[in-house]
Amino acid sequence: RAKDGGRDRVALYDSAMRHEAQARRDAEHRVRRALRTDGLRVVWQPIVSLSDHEIVAAEALVRLEDPVEGLLEPKEFVDTAEDTGLIVDVDTWVLGEVLRQLREWRRAGVGLQVSFNVSGKTLEHPSFAHRLAHSVESTGASGSSLLAEVTERTLIDLSSSTRASLGELRSIGARVGLDDFGTGYSSLSYLDRFPLSFLKIDMSFVRPLGTSDRAEAVVRALISLAHAHGMVVTAEGVETELQAAMLRDMGCDRAQGYLFGRPVVAAALPQGVLGPRFRP
Ligand code: C2E
Ligand code: MG
Ligand code: MG
Ligand code: MG
């Protein structure tokens with residue numbers, strides 16, 4: 001009996017693996033098709049200053065418009081894009097869109113910073129930062145309005161080509177910062193590996209604020225650690241007034257989350273972005 005049970009489990013495992021492999025092939029196919037057929041989109045999520053709730057930046061988040069599945073979120077395709085190396089083309093496309101939008105906003109007199117996510121694989125690619133620097137130069141875009149978000153993984157694996165890319169970003173005035181801070185790794189030694197301008201506290205630390213003293217102590221420590229390194233701190237996933245108030249009182253500089261706005265197409269960002277002020 002025990003043997004049969006074991007065999008069943010192996011069969012189940014086998015079929016789960018096959019299912020997953022198929023899902024990955026489907027995702028890869030969708031990303032390839034989207035890159036070929038102009039099927040990627042960018043949505044923007046506001047980042048506000050916690051002192052006055054004014055929008056100071058917006059993060060570009062990629063979406064995939066699939067002819068069959070509709071609008072897909074990154075969790076449906078970004079991991080596969082990373083595994084297959086297609087993320088380099090995705091990030092490159094997103095960045096083109098970011099620079100285009102930055103120019104458009106600048107023409108309209110909107111002084112927002114733009115944040116974008118860049119995979120370690122992309123930074124590893126020798127021509128990415130080079131092309132970025134070139135297009136910033138040739139289009140007269142303002143490099144100092146760019147915020148590049150990298151992950152802890154990128155800093156831990158930091159290779160010489162990645163370091164060169166990050167250096168090139170800094171040389172055009174872009175700021176490099178750490179996304180999802182606090183997830184996954186316990187060592188902070190990598191914070192000294194590259195000069196970072198900002199740090200985004202992961203929403204898993206923001207969520208329990210107001211219900212857990214422990215969470216509050218951790219966030220407070222993260223903020224002071226970041227400030228000691230001269231970094232601007234942004235809290236991610238802020239959904240309630242209480243979280244926003246607590247973060248402001250703890251000295252957190254910026255916030256992003258559904259309380260202030262979900263990711264939307266550029267034209268749907270609060271009208272106040274174009275005018276003097278926005279309050280949630
Ligand atoms: P991220 O960079 O940490 O982006 C924040 C994610 O949290 C976004 O999910 C956003 O929609 C979501 N979010 C923001 N505020 C709230 C909130 O108040 N509550 C909740 N529940 N969620 C909130 P999204 O757009 O699905 O993106 C997921 C991840 O995909 C991003 O996490 C980033 O790691 C990756 N990603 C997105 N766009 C790109 C890209 O162009 N290139 C690369 N390499 N990765 C990207
Ligand atoms: Mg991000
Ligand atoms: Mg994040
Ligand atoms: Mg993330």
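Rules used throughout
Residues numbered from 1 in each chain as written. Chains lettered and ligands numbered in written order. Predicted model: local features only at pLDDT ≥ 70, side-chain atom pairs only at ≥ 80, totals over all residues. Heavy atoms only, no water. 1 Å grid on protein atoms, 1.4 Å probe; cavity = no way out; pocket = protein on both sides within 12 Å on 5 of 7 lines; lining within 4 Å. Points joined across faces, edges and corners; volume = space filled by probe spheres on them. Helix = DSSP H or I, 4+ residues; strand = E, 2+ residues; numbered from the N terminus. Nonpolar A, V, L, I, M, F, W, Y, C, P; charged D, E, K, R; others polar. Expected span 1.5 Å × (residues − 1). Buried < 20%, exposed > 50% of the residue type's maximum accessible area, 1.4 Å probe, protein only. Donors = N, O, S within 2.8 Å, 3.2 Å for Na, K, Ca; no water. Phe/Tyr/Trp six-rings, centres within 6.5 Å; stacked < 30°, edge-to-face > 60°. Lys NZ or Arg CZ within 6 Å of the ring centre and 35° of its normal. Near = heavy atom within 4 Å. Polar contact = N/O pair within 3.5 Å; in protein donor to acceptor, adjacent residues only side chain to side chain. Core = buried A, V, L, I, M, F, W, Y, C linked by side-chain atoms within 4.5 Å. Contact = heavy atoms within 4.5 Å. Arc of directions from axis to C-beta.

A. Up close: the layout of surface pockets. By volume, the largest pocket amounts to about 1,200 Å³. If you go around the largest pocket, you meet 43 residues; those closest to its centre are Leu-61, Pro-74, Asn-117, Asp-179 and Asp-180. Those elements that provide at least two residues to the lining of the largest pocket are strand E2 (55–66), helix H2 (78–84), helix H3 (87–107), helix H4 (120–124), helix H6 (152–156) and strand E6 (175–181). Ranked by the residues each element gives to the lining of the largest pocket, the list is headed by E2, at five residues. Among the residues making up the lining of the largest pocket, the classes are represented as 14 nonpolar, ten polar and 19 charged.

B. Structural context of H3. With 21 residues, H3 ought to run about 30 Å at 1.5 Å a step, and its terminal C-alpha atoms sit 30 Å apart, in line with that. Turning to H3, its buried residues are Ile-87, Val-88, Val-90, Asp-91, Val-94, Leu-95, Glu-97, Val-98, Leu-99, Gln-101, Leu-102 and Trp-105. One or two steps after H3, the chain reaches Gly-109, where phi turns positive at roughly 80°.

C. Main features of the coordination of the magnesium ion (ligand 2). Listed as protein donors to the magnesium ion (ligand 2) are Glu-59 (OE), Asn-117 (OD1), Glu-149 (OE) and Asp-179 (OD); their distances from the metal cover 2.0 to 2.2 Å. In the primary structure, the donors to the magnesium ion (ligand 2) are separated according to the pattern E-x57-N-x31-E-x29-D. Separating the magnesium ion (ligand 2) from the magnesium ion (ligand 3) is a gap of 4.1 Å, bridged by Asp-179, which donates to each. Highlighted residues: Glu-149 in strand E5 (residues 146–150) and Asp-179 in strand E6, separated in sequence by 30 residues. In this structure Glu-149 comes out as buried when scored by relative accessible area, which is 2%.

D. Representation of the packing of aromatic side chains in the model. Within the structure shown, the criterion is met by one aromatic pair. Measuring from centroid to centroid gives 4.9 Å for Trp-44 and Trp-105, while their planes differ by 65°, and the two rings are edge-to-face. With a gap of 61 residues between them, Trp-44 in strand E1 (residues 40–49) and Trp-105 in helix H3 connect regions that are remote in the sequence. We note that Trp-44, like Trp-105, is buried. The cationic tip of Arg-262 hangs over the ring face of Tyr-258; the distance from NZ or CZ to the ring centre is 3.8 Å.

E. Expanded view of the site of ligand 1. Around ligand 1, a shell composed of 24 residues is seen, among which Asp-91, Asn-117, Asp-179, Glu-239 and Tyr-258 lie nearest. In the environment of ligand 1, an oxygen atom lies 2.9 Å from a nitrogen or oxygen atom belonging to the side chain of Arg-63. For ligand 1, an oxygen atom lies 2.8 Å from a polar atom in the backbone of Tyr-258. Secondary structure elements with two or more residues in the shell around ligand 1: E2, H3 and E6. Per element, the largest residue contribution to the shell around ligand 1 is four residues, and it comes from E2. Grouping the constituent residues of the shell around ligand 1 by class yields nine nonpolar, five polar and ten charged.

F. Expanded view of the nonpolar core. Grouped together as the largest cluster of nonpolar side chains are 75 residues, with contacts concentrated most on Trp-44, Val-98, Leu-146, Leu-155, Leu-166, Val-238 and Leu-247. Looking at this core element by element, the count peaks at nine residues for H3. Those residues within four positions of Val-238 in sequence are excluded, and the remaining contacts are Val-206, Gln-243, Ala-244, Leu-247, Ala-255, Gln-256, Gly-257, Tyr-258, Leu-259 and Phe-260.

G. Just helix H10 (residues 241–249), in detail. Turning to H10, its buried residues number three or more, namely Gln-243, Ala-244, Met-246 and Leu-247. Buried residues in H10, looked at end-on, bunch into an arc of 165°, giving them a common side. Exposed positions of H10 whose direction lies more than 90 degrees from the buried face are Glu-241 and Asp-249. Each element contacted by the buried residues of H10 is listed here: helix H8 (203–206), helix H9 (213–228) and strand E8 (232–235). Looking one or two residues past H10, Gly-251 carries a phi angle of roughly 90°, positive in sign.

These values are about where atoms sit, not about what they do.
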